[in-house]
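# Observations on chain architecture
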Amino acid sequence: KMFQRRVYGIVFNRIIEGEKTLRARNREVSLEKFLIAMYQAVECDVDALEKQNSSCNGVPNEQTPLNGRMRLRSRSNSVHIKRDVGVLKLALLIFSIVSGGPYGCEQAFSAAPPIYVVLCFLFLPWLWSLPIGLITSELSAAFPDEGGGMVEWVGAAFGQAASRIAGLLYWASCVTDNCLYAILFPYYMENLLLVDLGPWGRFLVALSMILVIGSINIIGIDMVGHASLFLCVLCVVPVLILSIWCIPYFDLSLLSQTDRPANLQWSLLLSICIWGNSGFDDVGSLVEHVHNPKFTFPMAQLVTVLFVTFVNTAPMALAAMANTNYEQWQEGYFEVIANQIGGPWLRIALAIGSSACLVTELNVLTLVTAKSVNYMAKQSWLPKFLAWQRPNGSPYTAILFTMCITTILLQFNFELATQLHTTFYAMVILCELCAVIYLRCYQPNLSRPYQIPGGLGLMLIICIIPLVLCFLLVFLAFEIVQTYLLLFAFACIFLFIYNSWQARRKLVLQ
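Criteria and thresholds
Residues numbered from 1 in each chain as written. Predicted model: local features only at pLDDT ≥ 70, side-chain atom pairs only at ≥ 80, totals over all residues. Heavy atoms only, no water. Helix = DSSP H or I, 4+ residues; strand = E, 2+ residues; numbered from the N terminus. Buried < 20%, exposed > 50% of the residue type's maximum accessible area, 1.4 Å probe, protein only. Contact = heavy atoms within 4.5 Å. Areas by Shrake-Rupley, 256 points an atom, 1.4 Å probe, with all protein chains shown as cover. Patch = residues over 30% accessible without salt bridge, like charges linked within 9 Å, V, L, I, M, F, W, Y side chains within 5 Å. Salt bridge = Lys/Arg side-chain N within 4 Å of Asp/Glu carboxyl O. Phe/Tyr/Trp six-rings, centres within 6.5 Å; stacked < 30°, edge-to-face > 60°. pLDDT = per-residue confidence, 0-100. Axes fitted to C-alpha atoms, helices over the stretch in contact; angles between N-to-C directions. Parallel < 35°, antiparallel > 145°, perpendicular 65-115°, else oblique. Left-handed = near helix turned anticlockwise from the far one by under 90°. Nonpolar A, V, L, I, M, F, W, Y, C, P; charged D, E, K, R; others polar. Core = buried A, V, L, I, M, F, W, Y, C linked by side-chain atoms within 4.5 Å. Polar contact = N/O pair within 3.5 Å; in protein donor to acceptor, adjacent residues only side chain to side chain. Expected span 1.5 Å × (residues − 1).

## As for the overall build of the chain
The helix and strand tally for the chain stands at 15 helices and two strands. Taken across its 510 residues, the chain has 55% of its residues classed as buried. Taking the intrachain contacts of the chain between residues at least 6 apart in sequence as the baseline, contacts between residues at least 24 apart amount to 82%. When the accessible area of the chain is evaluated, it comes to approximately 22600 Å², of which 66% is carbon and sulfur surface.

## A short note on a nonpolar patch on the surface
Taken together, the side chains of L119, L122, F123, W126, L127, L302, L306, L458, I461, I464, I465 and V468 make up a nonpolar region of the molecular surface, amounting to roughly 1000 Å² of accessible area. Elements that contribute at least two residues to the nonpolar patch include exactly α4 (114–142), α10 (293–322) and α15 (455–509). With respect to the helices and strands, the residue L302 is situated in helix α10.

## Section: the environment of L460
Mapped onto the fold, L460 is located in helix α15. Since its relative accessible area comes to 36%, L460 is described here as partly exposed. Distance from L460 to V436, taken between C-alpha atoms, is 9.8 Å for residues 24 residues apart in sequence.

## Things to note about the pattern of salt bridges
Taken as a whole and judged by the stated rule, the model has three salt bridges. Residues E190 and R202 are paired through a salt bridge, measuring 3.1 Å at the closest nitrogen-oxygen approach. Residue E190 is located in helix α6 (residues 160–193), and its partner R202 is located in helix α7 (residues 198–219); the two are separated by 12 residues in the primary sequence. Exposure remark for E190: the relative accessible area of 11% places this residue in the buried category.

## Some thoughts on the packing of aromatic side chains
Under the criterion given, the structure shown has 16 aromatic pairs. For the pair W200 and F203, a centre-to-centre distance of 5.9 Å together with 85 degrees between the ring planes defines the contact as edge-to-face. On the criterion of helical spacing, the pair formed by W200 and F203 is a turn pair, its members being three residues apart in helix α7. Exposure remark for W200: the relative accessible area of 66% places this residue in the exposed category. Under the relative-accessibility criterion, F203 is labelled partly exposed at 28%. Put simply, the rings of F109, Y326, W329, Y333 and F334 touch in pairs and so form one group of aromatic residues.

## Considerations on the confidence of the model for the chain
Of all residues in the chain, 76% attain a pLDDT of 70 or more, and the chain-wide mean is 77. Below a pLDDT of 50 lies the segment residues 54–80, which in the model reaches 45 contacts outside its immediate sequence neighbourhood of four places, other chains included.

## So, the packing of α7 against helix α13 (residues 396–408)
Relative to each other, α7 and α13 sit at 165 degrees, their axes nearing to 10 Å. As summarised for this structure, α7 and α13 are arranged roughly antiparallel, according to the angle between their axes. Seen from above, α7 lies across α13 with right-handed handedness. Residues F203, L207, I210, L211, G214, N217 and I218 of α7 form the contact with α13, whose participating residues are Y396, I399, L400, M403, T406 and T407. When grouped by side-chain class, the residues that make up the contact of α7 with α13 number nine nonpolar, four polar and no charged.

## Focus on the nonpolar core
Of all hydrophobic cores here, the largest spans 145 residues; its most connected members are V117, W128, M150, L242, W329 and L350. Counting residues per element, this core draws most heavily on α6, which supplies 17 residues. The residues touching L242, leaving out its near neighbours within four places in the chain, are F334, A338, I341, L346 and L350.

## Comments concerning the side chain of N178
With respect to the secondary-structure elements, N178 resides in helix α6. Separated by 3.3 Å, the side chains of N178 and T369 make a polar contact. Apart from the residues lying within four places of it in its own chain, the contact partners of N178 are L362, L365, T366, T369, T402 and T406.

## Overview of the environment of N323
Structurally, N323 is set in the loop between α10 and α11 (333–341). Given the relative accessible area of 3%, N323 is considered buried. Residue contacts for N323: discarding those within four places in its chain leaves W329, Y333, I337 and Q340. Separated by 3.0 Å, the side chain of N323 and the backbone nitrogen of N325 make a polar contact. Side-chain polar atoms of N323 contact the side chain of Y333, separated by 3.5 Å.

## A word on α6
The end-to-end C-alpha separation of α6 is 50 Å, in line with the 50 Å expected for 34 residues at 1.5 Å each. For α6, the buried fraction is high: 26 of the 34 residues fall into the buried class. Two residues or fewer past α6, L194 is found with a positive phi of approximately 55 degrees.

## Things to note about the packing of α4 against helix α14 (residues 414–442)
One can describe the packing of α4 onto α14 by two numbers: an axis separation of 11 Å at closest approach and a directional angle of 50 degrees. Here α14 runs oblique to α4, going by the angle between their axes. The hand of the α4/α14 crossing is left-handed. Between α4 and α14, the residues in contact are W128, I132, I135, T136, E138 and L139 and Y425, I429, E432, L433, V436, L439 and R440, respectively.

## Looking at the side chain of S267
Along the chain, S267 falls in helix α9 (residues 266–276). Separated by 3.0 Å, the side chains of S267 and Q419 make a polar contact. The contacts of S267, once residues within four sequence positions are left out, are Q419, L476 and A477.

## Some details on α11
Think of an α-helix as 3.6 residues a turn; residues three or four steps apart then line up on the same face. Inspection of α11 places Y333, F334, E335, I337, A338 and I341 among the buried residues, and these make up the whole buried set. Once α11 ends, the next one or two residues include G343, with phi positive near 100 degrees.

## Structural notes on the environment of V98
Here V98 shows up in helix α3 (residues 87–98). Sequence-wise, V98 and I274 are 176 residues apart; in three dimensions their C-alpha atoms are separated by 9.8 Å. Excluding its chain neighbours within four sequence positions, the residues that come into contact with V98 are W275, G276, N277, S278, G279, F280, V308 and E361.

Encoded structure:
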């Protein structure tokens with residue numbers, strides 16, 4: 001009887017706590033979701049009570065630390081997720097997603113004069129990346145126990161329908177970004193080995209890269225973090241060496257030429273520059289792994305902005321002074337410059353660094369993309385098998401699904417994939433900006449352990465430039481990507497039909 005009374009007390013307390021939490025966040029959830037959450041919480045507490053009760057069945061429960069407290073894993077197939085990502089590891093993950101170095105951005109010099117390219121890479125991290133990073137820090141701290149990232153944020157502001165659309169946009173942005181690195185990797189390998197792989201050879205090299213990266217992600221986020229640290233060193237050191245070798249060619253007048261190239265392509269320039277500085281919001285889906293998000297997120301974002309600005313701008317500006325044949329600048333051209341001014345050894349170092357950069361970025365982005373798919377499957381927006389996880393929290397089915405879609409998209413060329421990615425990414429950022437503004441205006445009492453300083457006025461000011469750039473990106477690239485946007489709209493319609501069928505099937509079963 002005493003045991004039953006304590007169980008009833010646990011149930012009552014959990015319901016009261018859950019209701020208070022929902023009221024504090026001004027959120028509405030269905031009765032089904034509320035009862036499921038309460039059942040899971042009660043099950044965990046009852047397991048703890050059974051362990052203390054000597055009359056239980058004697059089945060031991062495994063104790064696992066979570067967020068500084070001791071919780072008990074139930075005897076069901078629950079997942080234990082460690083919050084062990086600190087400032088340094090998170091900064092490395094963000095750098096791996098955002099940049100990894102200036103590799104792949106060479107084509108910007110064939111799209112616009114060098115002074116335009118250098119200024120874009122110098123100021124965009126502060127006008128574009130830092131505001132988005134601060135917004136991510138505020139929202140991640142406000143929703144520290146969610147794994148959905150921007151999907152959860154948009155849902156908290158505008159409801160489930162908007163959340164589904166935002167989730168699909170985010171997934172499309174990530175998966176097109178993934179295919180970019182897989183597309184570039186074979187070309188850098190050709191420059192390293194001095195061979196022509198041909199179409200099928202490039203496809204097999206890209207496929208091998210995708211398989212290796214997928215295996216690392218299935219092992220777990222610890223493996224992703226350690227691999228990112230090692231690969232970041234390989235990425236940064238070669239471009240720093242190239243920068244040093246380019247110093248004798250230093251001449252600012254070479255960057256002031258505005259008549260070359262003759263054909264100014266604003267859409268391609270902005271797409272490459274935004275792509276080279278995008279991804280500061282992607283780590284929002286990893287918030288459940290981050291220790292003390294209130295402090296870790298803003299510090300890691302600031303450190304990464306400083307590092308990205310230096311690592312991108314300095315090598316690109318110095319290399320542009322050493323080689324002024326801007327019309328010939330294409331993917332992998334840094335290796336050509338390295339061979340001209342330093343010889344074969346520097347070319348090989350750049351080839352290794354560029355390959356490590358692409359592997360690093362695809363490594364982290366695969367996990368981020370899989371996390372978003374896993375979250376949407378948990379919300380029953382996608383088939384349930386995509387929500388399966390290993391005991392360490394690795395969403396292995398979502399990772400395999402991401403690998404398959406990335407392989408299919410290898411048919412795109414670099415220019416099309418870049419503009420398609422930046423178009424989807426601009427729509428994602430629009431959703432995030434609208435969500436943070438709405439939550440500030442209409443949910444001022446939402447718990448925000450970290451908040452952008454300066455109040456609502458300053459936050460609106462720092463959001464202006466990202467908003468303008470988002471609309472500009474979509475406008476400039478619309479003519480090129482309109483066919484794929486139409487296919488995406490059909491995919492959204494199909495998803496809504498699937499969700500409606502699932503909801504009706506549940507009603508029939510009930």
